[in-house]
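Now for the letters of each chain:
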Amino acid sequence: MTYPIVAYGDPVLKKRAEEIENGTDLKELVENMFETMHNAQGIGLAAPQIGKSIRLFVIDGAALEEEDMMDFKRVFVNPVILEEFDEEWAFEEGCLSIPTIRENVSRNSKLKIKYLDENWNEHEEEFDGMKARIIQHEYDHIEGILFIDHLSSFKKRLLKGKLTNISKGNVSVDYRMKFPLRK
Ligand code: NI
């Protein structure tokens, strides 16, 4: 089953998401999140993007069709980024909740993260490059931060009209979305 993806302008995307109680059965939700993400050709999806303000996101790098991303499939429950380090690099990001907009965002190239998976097993791992970037983008989502929040106010002002149109549903997408300002 797929969920509609919440579009820019919905307050759920601006909220800091809640911790999930240890032991909660997440199997079905996680499966549906992967299905929703794959259906939209995404590589990451955070729970707030399907309207659930909880600290959970899923990633599957396979859609990038790059060798080192093929096995990068993870479920992050109640994650904590312990450290972000190394030099910053810019990369053009996009987001399933903000279709048609892509902008350069600077982020640290490495991070260390502690998280649980859907079976409540604990992990601590280091990631770099594109893997770290996807994690940082998704982690931002559960903090109520969108990639466009990293842009200069000048850049944001230039995007304002486009963003309003996205909130209203005046945008062409080939996956199911929920638009906060659609009449
Ligand atoms: Ni996103």
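Nothing here was measured: the structure is a model prediction, and the numbers come from that model. (Residues numbered from 1 in each chain as written. Predicted model: local features only at pLDDT ≥ 70, side-chain atom pairs only at ≥ 80, totals over all residues. Heavy atoms only, no water.)

(A) Just the pattern of salt bridges, in detail. In the structure shown here, the tally under the stated rule is twelve salt bridges. For Asp10, the salt bridge goes to Lys178, with nearest N and O atoms at 3.5 Å. A residue pair is termed long-range when its members are at least 10 positions apart, and Asp10 in the loop between β1 (5-6) and α1 (27-39) and Lys178 in strand β7 (residues 177-178) qualify at 168 residues. Accessibility expressed as a relative area gives 13% for Asp10, which makes it buried. The class of Lys178 is partly exposed, set by a relative accessible area of 45%. Here Glu125 and Arg74 are joined by a salt bridge, their closest N and O atoms 3.0 Å apart. Here Glu125, found in strand β6 (residues 122-128), pairs with Arg74, found in strand β4 (residues 73-93); they are 51 residues apart in sequence, far enough to count as distant. Classification of Glu125 by relative accessible area gives partly exposed; the value is 23%. A single salt-bridge network, built from bridges that share partners, covers Glu93, Arg107, Arg133 and Asp140. (Salt bridge = Lys/Arg side-chain N within 4 Å of Asp/Glu carboxyl O. Helix = DSSP H or I, 4+ residues; strand = E, 2+ residues; numbered from the N terminus. Buried < 20%, exposed > 50% of the residue type's maximum accessible area, 1.4 Å probe, protein only.)

(B) Structural detail: the nonpolar core. Ranked by internal contacts, the top residues of the largest apolar core, which has 39 residues, are Leu56, Ile98 and Ile148. Elements that contribute at least two residues to this core include exactly β1, α1, β3 (56-60), β4, β5 (103-116) and α3 (153-168). Setting aside residues up to four positions removed in sequence, Ile148 forms contacts with Tyr8, Ile98, Ile101, Lys156, Leu159 and Leu163. Formed by 18 residues, the second largest nonpolar core is a distinct cluster that contains Ala46, Phe57, Ile113 and Met130. (Core = buried A, V, L, I, M, F, W, Y, C linked by side-chain atoms within 4.5 Å. Contact = heavy atoms within 4.5 Å.)

(C) Molecular detail of the side chain of Arg133. Its place among the elements puts Arg133 in helix α2 (residues 129-142). Ignoring sequence-local partners within four residues, the contact set of Arg133 consists of Trp89, Ala90, Phe91, Glu93, Val105 and Arg107.

(D) Examining the sheet that holds β3 more closely. On the basis of which strands lie adjacent, the open sheet formed by five strands has the order β2-β3-β4-β5-β6 and antiparallel pairing. Taken across any chain shown, the strands that pair with only one partner, and hence form the sheet edges, are β2 (44-46) and β6. Here the average twist between neighbouring strands, direction ignored, is 30 degrees. Here β5 pairs with β6 via seven bridges, running antiparallel. Its bridge partner lying in β6, Lys112 is registered against Glu126. Against the sheet, α1 touches β2, β3 and β4, its axis set at about 50 degrees to β3. Packing of α2 onto the sheet brings it into contact with β2, β3, β4, β5 and β6, and relative to β4 it is tilted by some 120 degrees. (Pairing = 2+ DSSP bridges. Axes fitted to C-alpha atoms, helices over the stretch in contact; angles between N-to-C directions.)

(E) Structural detail: the coordination of the nickel ion. Only Cys95 (SG), His137 (NE2) and His141 (NE2) from the protein reach the nickel ion as donors, at distances of 2.1 to 2.3 Å. A relative accessible area of 10% places Cys95 in the buried class. (Donors = N, O, S within 2.8 Å, 3.2 Å for Na, K, Ca; no water.)

(F) View of the side chain of Asn108. Its location among the elements puts Asn108 in strand β5. Of note is the side chain of Asn108, whose polar atom sits 2.8 Å from the backbone oxygen of Asp86. (Polar contact = N/O pair within 3.5 Å; in protein donor to acceptor, adjacent residues only side chain to side chain.)

(G) Summary view of the packing of aromatic side chains. For the structure shown, the criterion picks out four aromatic pairs. Between the aromatic rings of Trp89 and Phe91, the centroid separation amounts to 5.7 Å while the plane-to-plane angle is 50 degrees, which identifies the pairing as tilted. Overall, the relative accessible area of 29% leaves Phe91 in the partly exposed class. In textbook terms, an aromatic cluster arises when at least three aromatic residues are bridged by ring pairs, as seen for Phe57, Phe76 and Tyr115. Positioned above the aromatic ring of Phe34 is the side chain of Lys73, whose terminal nitrogen or guanidinium carbon lies 4.6 Å from the ring centre. Residue placement shows Arg133 over the ring face of Trp89; its charged tip is 4.3 Å from the ring centre. (Phe/Tyr/Trp six-rings, centres within 6.5 Å; stacked < 30°, edge-to-face > 60°. Lys NZ or Arg CZ within 6 Å of the ring centre and 35° of its normal.)

So, to be careful, I would describe these as geometric facts and stop short of saying anything about function.
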